[in-house]
Amino acid sequence: MKPQKIKIKYIFLSAIVLLVSQFASYESVAQSSKNDCQSYENTRRLLAEMNAVDLNKQFVQLFNQGENRIADIVKALDDPNKDIRQNAQVIIRYLGNDLEMSDLITSYGKGKTYTVAGPIPIPLREWDYDSIIKSYKNLPSNSYIYALAIDSSPKAKNVLNELTDNAKNNPKANQLAYENVKSVNPNDFLTDSSDLAKTVLDKAFFVSNEDKKFATSTFISFNEAKNKALVEIYINRGALSEEWYHVVINKTEKGWKFLSITPVATS
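Q: Hey, could you run me through the overall build of the protein chain in this one?
A: From N to C terminus, the protein chain includes 11 helices and 4 strands. When the 267 residues of the protein chain are sorted by exposure, 41% land in the buried category. Within the protein chain, residue pairs in contact and separated by at least 24 positions form 55% of the contacts whose partners lie at least 6 positions apart. Only carbon and sulfur atoms are counted for the fraction: they give 53% of the accessible area of the protein chain, which is about 15,000 Å².

Below, the structure written as structure tokens:
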């Protein structure tokens, strides 16, 4: 075969290979895009159906799988549906990971998420401190009071001391919440991991010794990495005198620690 014909044949084959390669690449991108779309729609459906207060199966699934779905959950912070945005916020707060919490705080500045919903995970951020002073006018929710107590930073301790002093002369302040945190040691670990639900209740400084007689504690779920766990505490003093708390604990080298404490319902 003449050299010129060999060269043309080589160029022709190279062009075919290139076209096939590009087509395969386009197919791969298209399939990836389709998978991403399906992944988001699946996560969005779970967010639409979840109920954190009742701990329904969609919420538990999102807590368990949330870190694998985190790109979808962060994307949902910009969803047109306000309930989807709100529930995405709640899941991010239950998981309490730094990067996603930063994304959440950024979303507040976009004006798409208006009300803080869900836990207050530690460590507290500057946005949290600003909220205590500006939004709550020195009357923070119990979740913030408990978060200040379990946060080990000097700033958290100083702010809690200041709020405690202010609360003494403020009839609107929740005196019981401040009384509950007096004995808190932020460096205290939940070392007994054989029964996390029991250990959480034993260490539940926000539940009085009297109320612990009427309290039950239930393990709900680990996250997928099993370095976070969600426990529900239920206090039943009788009809119209019930309380529910959600407690997230985080595993460290020294043992489990409180990540967030959230009063979720009363009757």
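Q: Looking at this model, I keep getting lost on helix α7 (residues 142–150). Mind explaining?
A: Helical geometry: 3.6 residues make up each α-helical turn, so side chains three or four residues apart lie on a common side. Here α7 lies mainly inside the structure; 8 of its 9 residues are buried. Residues of α7 that are buried include every one of S143, Y144, I145, Y146, A147, L148, A149 and I150, and no others. Buried residues in α7 make contact with α6 (126–135), α8 (154–167), α9 (175–180), β3 (242–252) and β4 (255–266).

Q: Looking at this structure, I do not really get unusual backbone geometry. What am I missing?
A: Excluding glycine, residues mostly have negative phi values, and the peptide bonds linking residues are mostly trans. Along the chain, I122 connects to P123 via a cis peptide bond; the corresponding omega equals 5°. Phi is positive for L55, which is not a glycine, with a value near 55°. Checked against the element boundaries, L55 lands in the loop between α1 (3–49) and α2 (57–65). On the basis of relative accessibility, which here comes to 13%, the residue L55 falls in the buried class. One non-glycine residue, L240, lies in positive phi territory at about 65°. Note that L240 resides in the loop between β2 (228–236) and β3.

Q: Looking at this model, I keep getting lost on the confidence of the model for the protein chain. Mind explaining?
A: Fine structural detail should not be taken from predicted coordinates in areas where pLDDT scores are low. Here the protein chain averages 88 in pLDDT, and 85% of its residues register 70 or above. Counting contacts from residues 28–34, a segment whose pLDDT is below 50, to residues more than four positions away or on other chains yields 0 contacts.

Q: Mind showing me how you'd approach the environment of G255 here?
A: Positionally, G255 belongs in strand β4. In this structure G255 comes out as buried when scored by relative accessible area, which is 14%. On a C-alpha basis, the gap between G255 and D192 in space is 8.1 Å, while along the polypeptide they are 63 residues apart. Not counting residues within four places of it along the chain, the set of residues in contact with G255 comprises F189, L190 and N250.

Q: Got a minute to help me understand the pattern of salt bridges in this structure?
A: On inspection of all chains with the given rule, the structure shows 12 salt bridges. Put simply, R237 and E243 hold a salt bridge, and the shortest N to O gap is 2.3 Å. Taking the relative accessible area as the measure of exposure, R237 reaches 32% and is therefore partly exposed. Several salt bridges share partner residues, and in doing so they unite D211, R237 and E243 into one network.

Calculation criteria
- Residues numbered from 1 in each chain as written.
- Predicted model: local features only at pLDDT ≥ 70, side-chain atom pairs only at ≥ 80, totals over all residues.
- Heavy atoms only, no water.
- Helix = DSSP H or I, 4+ residues; strand = E, 2+ residues; numbered from the N terminus.
- Buried < 20%, exposed > 50% of the residue type's maximum accessible area, 1.4 Å probe, protein only.
- Contact = heavy atoms within 4.5 Å.
- Areas by Shrake-Rupley, 256 points an atom, 1.4 Å probe, with all protein chains shown as cover.
- pLDDT = per-residue confidence, 0-100.
- Salt bridge = Lys/Arg side-chain N within 4 Å of Asp/Glu carboxyl O.

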